[in-house]
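# Reading the structure
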Amino acid sequence: MSENTIKIFHEDLCNITIIPHPNGIELYRLEMYNTNKGYGSIFMNIFTDISKRFNIPIILTIGSPGTYTDNSDRPAQIRFYKRFGFKRCKNSDYYSNEK
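Owing to the predicted nature of the structure, the values given are computational and were not obtained by experimental measurement. The written sequence of each chain sets the order in which its residues are numbered from 1. Totals for whole chains, interfaces and linings use every residue, but because this is a predicted model, local features are given only for residues with pLDDT of at least 70 and side-chain atom pairs only at 80 or more, for both listing and counting. Working from all heavy atoms in the structure, the side-chain values ignore hydrogens and water.

A few words now on the side chain of R29. Within the fold, R29 resides in strand β3 (residues 24–32). Whether a residue is buried, partly exposed or exposed follows from its accessible area with a 1.4 Å probe, protein chains only, as a fraction of its type maximum: under 20%, in between, or over 50%, in that order. You can call R29 buried: its relative accessible area is 19%. Only runs of H or I of at least four residues qualify as helices and only runs of E of at least two qualify as strands under DSSP, and these elements are numbered from the N terminus.

Our focus in this paragraph is the nonpolar core. Put simply, buried Ala, Val, Leu, Ile, Met, Phe, Trp, Tyr and Cys residues joined by side-chain atoms within 4.5 Å make one nonpolar core. I16, L27, L30, F43, M44, Y81 and F86 are the most contacted members of the largest nonpolar core, which has 17 residues in total. Those elements giving two or more residues to this core turn out to be β2 (14–21), β3, α1 (39–53), β4 (58–61) and α2 (74–82). Residues count as neighbours in contact if any of their non-hydrogen atoms are within 4.5 Å of one another. Dropping the residues within four chain positions of it, I16 is found in contact with I6, K7, I8, L27, R29, L30, M32 and F43.

Without a salt bridge and with relative accessible area above 30%, a residue can belong to a patch; like charges are then joined within 9 Å and nonpolar side chains (Val, Leu, Ile, Met, Phe, Trp, Tyr) within 5 Å. Areas reported here follow the Shrake-Rupley algorithm with a probe of radius 1.4 Å; residue values treat only the protein chains shown as occluding. Salt bridges are defined by distance alone: a side-chain nitrogen of Lys or Arg within 4 Å of a carboxyl oxygen of Asp or Glu. A contiguous nonpolar patch, built from L13, Y39, I42, I46, I50, F54 and I56 and spanning about 650 Å² of accessible area, is present on the exposed surface. Considering the arrangement of structural elements, one finds I50 in helix α1. The exposure class assigned to I50 is partly exposed, which follows from its relative accessible area of 42%.

So, about the sheet that holds strand β1 (residues 6–10). Spatial ordering of the open sheet is given by β1-β2-β3-β4-β6-β5, a layout of 6 strands whose pairing is mixed. The open sheet has two edge strands, β1 and β5 (87–88), and neither has a second partner. Pairing between two strands is assigned when DSSP locates at least 2 bridges connecting them. The sheet contact formed by β1 and β2 spans 5 bridges and is antiparallel. Bridge pairing in β2 places I8 opposite I16.

Written as structure tokens, this is what we have:
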């Protein structure tokens, strides 16, 4: 990871990693340990709001490493990110909230 990596870690709550990406910022890891409580949605609402305000796209891949083992249902993950405006980038495994 580069010196520009941002890590948010709490042993009971989450492991989040954000890294630079040529097209914006990459949400490299989003693991919420206490799932189905809305914490992931709260984080994504704030994170996508910041992204829109500053016109900085968020890029991510769905699945590992950004998955906590108790919540690895790929179709559910795709639905989760689509709720926040993410669409698959053409010819890529990446998803982006860029319009």
